[in-house]
Amino acid sequence: MLIRKAVITTASLFKGIISVRLLMKLTGKNVIFPFYHSVSDSYPAHIHHLYHPKTTKQFNSDLDFLLKHYCPMDINEVISFRDSSKKRSKPGFFLSFDDGLKEFYEIIAPVLLKKGIPAACFLNSGFVDNKDLFYRYKASLLCDYFLKEKKEYDISKVKDWVKNHQNNRPEKILLSLPYQKKEDIDTLASLVGLDFKSYLAVQKPYMTSEQIMELSRQGFYFGAHSIDHPMYESISSSEQIRQTELSLRWQSENLDQKYSLFAFPFSDTGVKSAFYKHFEKVDLIFGTAGLKHTAVKNHIQRIPMESTDYSGENIIKAEYLYYVLKSLVGKNNFSGYD
Ligand SMILES: [Zn+2]
């Protein structure tokens, strides 16, 4: 991560003199898969402490940069790219958005329609229609409670909770809790009287089924993103399969789509080859490892666009530079398969 940040900083210094064309030539990579979660001119509290979404202006300038150097690809072109051993004569990009947030419907989709850019959005079947909230979003909401609004809280109420986690600040603990301890977040919320159900009902952070179907009719593609967003490395192989199958089922039962798509929640780190064998019929499986080779035909890596506050141009150029650096030490081959 530190190396990636250093490369992004370097890329920003030299951005004027390093051309995308040169970077494509150096790496042989002329197709990229940038992905985002949200675009917002304000930081919603459930996101605020996790990552910084691009503003509408920043998102538009990212898109202008992409359109200047690459052609937008639709899902059929991505399938052709997959079938031609991941090669393509013209530079191309395919955009995707994770977590099925309402900003995809309200802000992102209208911009993409106007610019004629196809995209896919990945949904957690357990969160569609605001049925529940991702445990990291819950953690961010609680951090907001403890930090941003500077609420005086009765420490005696949360004293035992804090003591059990061997730290002195609840907001520090919250951001480090793994999926397996997500119930601890619910416990702390009830201790301080924060009601996630009413947040879901009032803020509606996720898209509804109707909104998803409307966007699907307009040509946007939807894929699965697990039921409730676990880190796959931390759950059993059978649970990985269950999370993937049930979320894929949501797409097939609710949408009329030719292809099935899945994007790993968090990352594909540690996922065994048996998983890819089990899901070899899924048309496309996306990771989040940046510009990187994959050995499995339907497996494609994407570039995270919200990992720093740098512009899309810097992030893409840095990914290319990072790829060149990794090539020098032979680290571009995907190491997750056993
Ligand atoms: Zn996600």
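Cut-offs applied
Residues numbered from 1 in each chain as written. Predicted model: local features only at pLDDT ≥ 70, side-chain atom pairs only at ≥ 80, totals over all residues. Heavy atoms only, no water. Helix = DSSP H or I, 4+ residues; strand = E, 2+ residues; numbered from the N terminus. Buried < 20%, exposed > 50% of the residue type's maximum accessible area, 1.4 Å probe, protein only. Phe/Tyr/Trp six-rings, centres within 6.5 Å; stacked < 30°, edge-to-face > 60°. Lys NZ or Arg CZ within 6 Å of the ring centre and 35° of its normal. Salt bridge = Lys/Arg side-chain N within 4 Å of Asp/Glu carboxyl O. Contact = heavy atoms within 4.5 Å. Polar contact = N/O pair within 3.5 Å; in protein donor to acceptor, adjacent residues only side chain to side chain. Donors = N, O, S within 2.8 Å, 3.2 Å for Na, K, Ca; no water. Arc of directions from axis to C-beta. Expected span 1.5 Å × (residues − 1). Domains from an automatic or database assignment. Buried area = accessible area lost by both parts, 1.4 Å probe. Nonpolar A, V, L, I, M, F, W, Y, C, P; charged D, E, K, R; others polar. Core = buried A, V, L, I, M, F, W, Y, C linked by side-chain atoms within 4.5 Å.

As a further point, take the environment of Leu 325. The residue Leu 325 is located in helix α15 (residues 312–328) in this model. Classification of Leu 325 as partly exposed rests on a relative accessible area of 43%. The sequence separation of Leu 325 and Val 7 amounts to 318 residues, and the corresponding C-alpha distance is 9.4 Å.

Our focus in this paragraph is the packing of aromatic side chains. As enumerated under the stated definition, the model contains 28 aromatic pairs in all. Where Phe 134 meets Tyr 137, the ring centres are 4.9 Å apart and the plane angle is 80 degrees; that geometry is what we call edge-to-face. Overall, Tyr 137 belongs to the buried group, its relative accessible area being 1%. One aromatic cluster is present, formed by Phe 127, Phe 134, Tyr 135, Tyr 137, Tyr 179, Tyr 206 and Phe 266 through successive ring pairs. Positioned over the ring face of Phe 35 is Arg 302, at 4.0 Å from the centre of the ring.

Bringing unusual backbone geometry into the picture now. The backbone of Lys 204 shows a phi angle near 45 degrees, a positive value even though the residue is not glycine. Structurally, the position occupied by Lys 204 is in the loop between α11 (196–203) and α12 (209–217). The backbone of His 229 shows a phi angle near 65 degrees, a positive value even though the residue is not glycine.

Our focus in this paragraph is the pattern of salt bridges. Evaluation of the coordinates by the stated rule reveals 13 salt bridges. Two residues, Arg 302 and Asp 98, come together in a salt bridge whose shortest N-O distance is 2.9 Å. Here Asp 98 lies in strand β5 (residues 95–98) and Arg 302 lies in the loop between β10 (299–301) and β11 (303–304), a separation of 204 residues in the sequence. Each member of the pair, Arg 302 as well as Asp 98, is classed as buried.

As for its placement among the helices and strands, Tyr 221 is situated in strand β7 (residues 221–224). What makes Tyr 221 buried here is its relative accessible area of 11%. For the pair formed by Tyr 221 and Gln 251, sequence separation is 30 residues and the distance between their alpha carbons is 9.9 Å. In contact with Tyr 221, other than residues within four places in its own chain, are Ile 75, Ala 119, Ala 120, Cys 121, Gln 257, Lys 258, Tyr 259 and Leu 261. Polar side-chain contacts of Tyr 221 include one of 2.9 Å to the backbone nitrogen of Lys 258.

Moving on, we come to the coordination of the zinc ion. Looking at the zinc ion, one finds its protein donor set to be Asp 99 (OD), His 225 (NE2) and His 229 (NE2), positioned 2.0 to 2.1 Å from the metal centre. Given the relative accessible area of 0%, His 225 is considered buried. For His 229, a relative accessible area of 3% corresponds to the buried category.

Along helix α10 (residues 182–192), the positions that sit buried rather than exposed are Ile 185, Leu 188, Ala 189 and Val 192. Viewed along the axis of α10, the buried residues span an arc of 100 degrees, placing them on a single side of the element. Downstream of α10 by one or two residues, Gly 193 has phi in the positive range, about 80 degrees.

The terminal C-alpha atoms of helix α6 (residues 102–115) lie 20 Å apart, and with 14 residues this matches the ideal 20 Å at 1.5 Å per residue to within 8%. Along α6, the positions that sit buried rather than exposed are Glu 103, Phe 104, Ile 108, Ala 109, Val 111 and Leu 112. Of the surrounding elements, those touching the buried residues of α6 are α4 (56–69), β5, β6 (119–123), α12 and β7. Count one or two residues on from α6 and you reach Gly 116, which has phi positive near 70 degrees.

Now for the domain arrangement of the protein chain. A common way to report how large an interface is uses the accessible area buried once the components associate. Each assigned domain of the protein chain is listed with its residue range as follows: domain 1 (2–130 + 207–328) and domain 2 (135–201). Counting from both sides, the interface comprises 20 residues of domain 1 and, opposite them, 15 residues of domain 2. A combined buried area of about 1400 Å² lies between domain 1 and domain 2, and 57% of that area is made up of carbon and sulfur atoms. Contact with domain 2 buries area across many residues of domain 1, yet His 46, His 49 and Leu 50 alone supply 41% of it, more than any other trio. Our count for the contact surface shared by domain 1 and domain 2 stands at 0 salt bridges. Contributing elements (two or more residues each) for the side of domain 1 that touches domain 2: α3 (45–48) and α13 (237–254). Ranked by residue count, the leading element in the side of domain 1 that touches domain 2 is α3, at 4 residues. A class-by-class count of the residues in the side of domain 1 that touches domain 2 yields 9 nonpolar, 8 polar and 3 charged.

Within the largest apolar cluster, 42 residues are counted, with the highest numbers of intra-cluster contacts made by Leu 142, Leu 174 and Phe 262. Of all the secondary-structure elements, those providing two or more residues to this core are α3, α7 (135–146), α8 (155–164), α9 (170–174), α10, α11 and α14 (273–278). In terms of residues, this core owes the most to one element, α7, which gives 8 residues. Non-local contacts of Leu 174, meaning those with residues more than four positions away in its chain, are made with Ala 139, Leu 142, Cys 143, Phe 146, Trp 161, Ile 185 and Leu 188. By size, the runner-up hydrophobic cluster in this structure holds 39 residues, among which are Ile 117, Trp 250, Ile 316 and Tyr 320.

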